[in-house]
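# An overview of the molecular structure
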Amino acid sequence: MAVDIIQGYTLVKDGVNKWRIPKFGKMRVDAVVYVNDSLKELLRDDQSLRQLVNAASLPGVVEPVIGMPDIHEGFGLPIGGVMAIEEKGVISAGAVGYDINCGVRLIRSDLEADYFTKDILYKLIERIEHYVPTGIGKKGRHKGITRVIFDDVVHNGVEAVIKAGFGKKSDLEYIEEGGKLEGADISAVSEEAQERGEEQLGTLGGGNHFIEIQKVEEILEENLAEKFGLFKGQLAVMIHTGSRGFGHQIATDYTKILWEAAKRYGIEVPEKGLAAAPIKSKEGQNYYKAMAAAVNFAFSNRQIIMFDVIRAFEDVLKKSEEEMGFKLVYDVAHNIAKWEVHGGKRMLVHRKGATRALPAGHPQNPPSYRDTGHPALIPGSMGTGSYVVVGTEKAAETFYSVNHGAGRRLSRNQAKKISKEEFERSMGDVVYNVRSYKDIVDESPLAYKDVETVVSVFEERGITIPVAKLIPLAVVKGAD
Ligand SMILES: Nc1nc2c(ncn2[C@@H]2O[C@H](COP(=O)(O)O)[C@@H](O)[C@H]2O)c(=O)[nH]1
Ligand SMILES: [Mn+2]
Ligand SMILES: [Mn+2]
């Protein structure tokens, strides 16, 4: 039996690419982390194992608390963390994250990527930025409309923005939860969060958020790729953003509220980032209502951005959406808590930096993907590649969850030391939207783990089937 000691924790090998920390001390369940040997080394300088161990002590936690292959330390639960909680247990804002329903949307087209010269790509990113405000704190260009429909958006999700003219009703079938998480209630959201939210629908945000024009570089599973409408050489667009200041304010408010509530309910919370209250308590219920509002906001945000990206293509290529054949492949959340049934039991699954990946035949797939399993979207970095995968039946062992990216390898401060030459080499021919490399050097491909290695962890274990690899041609980053 292989054993390793990392950060003082004993990890026991539990099959291919899987390591288990058997419960000890205050842990109620084991923690498990999915890594190969090289990714395991990265855990030595990182606090994520401690964070998994802490999460494993929360009331109602279901066996096991899980670290994804792209795991790295976060606030409370690590990024790349999955924590399922039974009905009589707790709900934690820190186990969802500050960017509630941060997620990824992939749009395909009938266009051949090789047609897109650098000149066209520069025109496209300039036009995309014309329509989609980027950077922290930016206000939306549709704020006149979105202020009016805001209440409808937070309660009814993407359907509300489609009614207002952003996209087609058929898009709903290609969004997790049909673009609406039930149970949202604006009365559980602070005035401050509402004010921030009303202004920010249709904006990208800063940092790691992006709109990327991509080429399908490789088809890895022909049948599934065909069913997802993907072909080699195809032009696609990936959008990564979340609930902006709205979700951030809700997370900030409820971290405080749940922290105080935990003391009142006598719940021992090992760190503030895991602040949690009973799911059935008033505070826990209110967090769920507010979180669901932010989930609906974020799905709607990505819907509006998709609408604007297509307009930018129409302007530059002088072709209609139909002529270009733009269609939504899928939209998945990677920071969310949702009620699901696993092994016959209802539980609240917190995914923070983790993507749901339902296998073929699972009843919660949308009808269009019932027979295949829905696409799970894994962005890598703006200079390397991104993947579309599907989950298999074996993903039941992760509550049908897979990694949400490559995951950071360097902190932002470490990444700021990357030189101009190193940055430019890592970007290759990819076109980007900022004047100085310094504005986005902390998002350099060198700051992220090797996406091929990360994706191979679940593939080798039989948890995912990689379907396609996409490479970046041009990226709009949310720099300030
Ligand atoms: N294709 C791109 N992938 C990117 C880019 N910037 C980051 N990333 C990847 O996305 C995930 C998202 O992680 P999150 O925790 O910040 O939500 C991250 O792990 C990277 O692998 C990009 O510009 N293009
Ligand atoms: Mn985000
Ligand atoms: Mn994200």
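So, here's what we can say about the structure. Along each chain, the written sequence defines residue order, and numbers are assigned to residues from 1. Each chain takes a letter, starting from A, and each ligand takes a number, starting from 1, following the order in which they are written. Only residues with pLDDT of at least 70 get local features here, since the model is predicted, and only at 80 or more are side-chain atom pairs given and counted; chain-wide, interface and lining totals rely on the full set of residues. To obtain the side-chain values, all non-hydrogen atoms of the structure were used and water was disregarded.

Turning our attention to the overall build of the chain. If you tally the helices and strands in the chain, you get 13 helices and 20 strands. Taken over C-alpha atoms, the radius of gyration is set against a globule rule of 2.2 Å times the number of residues to the power 0.38. For the chain, the C-alpha radius of gyration of 21 Å lies close to 23 Å, the compact-globule estimate for 480 residues. Each principal axis of the C-alpha distribution contributes one length, and for the chain these read about 65 × 50 × 45 Å. For this analysis, residues touch if any pair of their heavy atoms sits within 4.5 Å. Long-range pairs, those at least 24 residues apart, make up 76% of the contacts in the chain between residues at least 6 apart in sequence. When the accessible surface of the chain is totalled, it reaches about 17800 Å², and 49% of it is carbon and sulfur. Neither His nor the chain termini are counted; the positive set is Lys and Arg, and the negative set is Asp and Glu. Every charge is mapped onto a representative atom, which is NZ of Lys, CZ of Arg, CG of Asp or CD of Glu. In the chain, 62 positive and 67 negative side-chain charges are present, and the distance between their average locations comes to 4 Å. By definition, any uninterrupted DSSP run of H or I lasting at least four residues is a helix, any uninterrupted run of E lasting at least two residues is a strand, and each is numbered from the N terminus. Here, Shrake-Rupley sampling with a 1.4 Å probe gives the accessible areas, and only protein chains in the shown set may cover a residue.

Water is not among the atoms examined, so metal sites may look incomplete; donors are the N, O and S atoms within 2.8 Å of the metal, or within 3.2 Å for Na, K and Ca. Surrounding the manganese ion (ligand 3) are the protein donor atoms C102 (SG), H240 (NE2) and H334 (NE2), at 2.1 to 2.3 Å. Sequence positions of the residues that donate to the manganese ion (ligand 3) give the spacing C-x137-H-x93-H. Taken as a pair, the manganese ion (ligand 3) and the manganese ion (ligand 2) show a spacing of 3.6 Å, with C102 coordinating each metal. Pair noted here: C102 is in the loop between strand 7 (90-92) and strand 8 (103-112) and H334 is in the loop between strand 12 (327-333) and strand 13 (335-342), with a separation of 232 residues, a long-range link. With respect to burial, C102 and H334 carry one shared label: buried. Classification of residues uses two cut-offs on accessible area relative to the type maximum, computed with a 1.4 Å probe and protein chains only: under 20% is buried, over 50% is exposed, and between them is partly exposed.

Take the site of ligand 1 next. When we say a residue is near a molecule or strand, we mean one of its heavy atoms is within 4 Å of it. Residues in close proximity to ligand 1 total 19 residues, the closest being N208, E212, G380, H404 and A406. Definition of a polar contact: a pair of N or O atoms within 3.5 Å, with one able to donate and the other able to accept a hydrogen when the atoms are protein atoms, and with sequence-neighbouring residues admitted only if both atoms are side-chain atoms. A distance of 2.8 Å separates an oxygen atom of ligand 1 from a polar backbone atom of A406. Relative to its free-state accessible area of 510 Å², ligand 1 is covered by the protein chains to the extent of 95%. For the shell around ligand 1, the secondary-structure elements that each account for two or more residues are strand 9 (210-219) and strand 20 (464-477). Looking at side-chain class alone, the shell around ligand 1 contains seven nonpolar, nine polar and three charged residues. Side-chain classes are defined by residue name, with Ala, Val, Leu, Ile, Met, Phe, Trp, Tyr, Cys and Pro counting as nonpolar, Asp, Glu, Lys and Arg as charged, and the others, Gly among them, as polar.

By salt bridge we mean one thing: a side-chain nitrogen of Lys or Arg within 4 Å of a carboxyl oxygen of Asp or Glu. By the definition in use, this model includes 40 salt bridges. A salt bridge links E177 to R356, with the shortest nitrogen-to-oxygen separation between them at 4.0 Å. You can see E177 sitting in the loop between helix 5 (158-163) and helix 6 (191-200) and its partner R356 sitting in strand 15 (residues 354-356), a full 179 residues away along the chain. Beyond isolated ion pairs, a larger network of salt bridges with shared partners links D14, K18, R20, D30, E63, K394, E397 and R461.

What follows concerns helix 12 (residues 420-427). Along an α-helix, a turn takes 3.6 residues, which lines up residues three or four apart on a common side. Of all the residues in helix 12, the buried ones are F423, S426 and M427. Looking straight down helix 12, one finds that the buried residues subtend no more than 100 degrees of arc, so they occupy a single side. Exposed side chains of helix 12 directed beyond 90 degrees from the buried face belong to E421 and R425. Immediately downstream of helix 12, the backbone of G428 shows phi near 55 degrees, a positive value. Working note: the arc is built from the helix axis to C-beta atom directions.

The next thing to look at is the environment of L410. Checked against the element boundaries, L410 lands in the loop between strand 18 (401-403) and helix 11 (412-415). Along the backbone, L410 and N335 are 75 residues apart, and their C-alpha atoms lie at a distance of 21 Å.

Attention shifts here to the coordination of the manganese ion (ligand 2). Looking at the manganese ion (ligand 2), one finds its protein donor set to be D99 (OD), C102 (SG) and H209 (NE2), positioned 2.1 to 2.3 Å from the metal centre. A residue is classified by how much of its surface remains accessible, and C102, at 4% relative accessible area, is buried.

Attention shifts here to the pairing of strand 4 (residues 31-34). Burial along strand 4 is two-sided: the residues A31 and V33 and V32 and Y34 are all buried. For two strands to pair, DSSP has to find at least two bridges joining them. As judged from the four bridges shared by strand 3 (residues 18-21) and strand 4, these two strands associate in the antiparallel manner. Bridge pairing in strand 4 links I21 to A31. By the bridge criterion, three bridges tie strand 4 to strand 5 (residues 65-72) in an arrangement that is parallel. Looking at strand 5, one finds that A31 is bridged to V65.

Moving on to the pairing of strand 2 (residues 9-13). In terms of strand pairing, strand 1 (residues 3-6) meets strand 2 through four bridges, oriented antiparallel. Bridging across to strand 2, I6 finds its partner in Y9. With two bridges joining them, strand 2 and strand 3 adopt antiparallel strand pairing. Each residue of the ladder has a partner; that of K13, found in strand 3, is W19. Between strand 2 and strand 3, which pair antiparallel in sequence order, lie four residues; one of them, G15, sits at a positive phi of approximately 100 degrees.

Moving on, we get to the packing of helix 4 (residues 143-156) against helix 6. Lines are fitted to the C-alpha atoms to define the axes, a helix being fitted only along its stretch in contact, and any angle between axes, read from their N-to-C directions, falls within 0 to 180 degrees. Taken N-terminus to C-terminus, the directions of helix 4 and helix 6 make an angle of 135 degrees; their axes are 7 Å apart at the nearest point. The angle between the axes of helix 4 and helix 6 places the two elements in the oblique class. Each of K143, T146, R147 and F150 in helix 4 lies in contact with helix 6, whose residues at this interface are Q194, G197, E198 and E199. Along the lines of polarity and charge, the residues of the contact of helix 4 with helix 6 split into one nonpolar, three polar and four charged. Orientation is classified from the angle alone, with under 35 degrees giving roughly parallel, over 145 giving roughly antiparallel, 65 to 115 giving roughly perpendicular, and any other angle giving oblique.

Worth remembering: the numbers are spatial, not functional.
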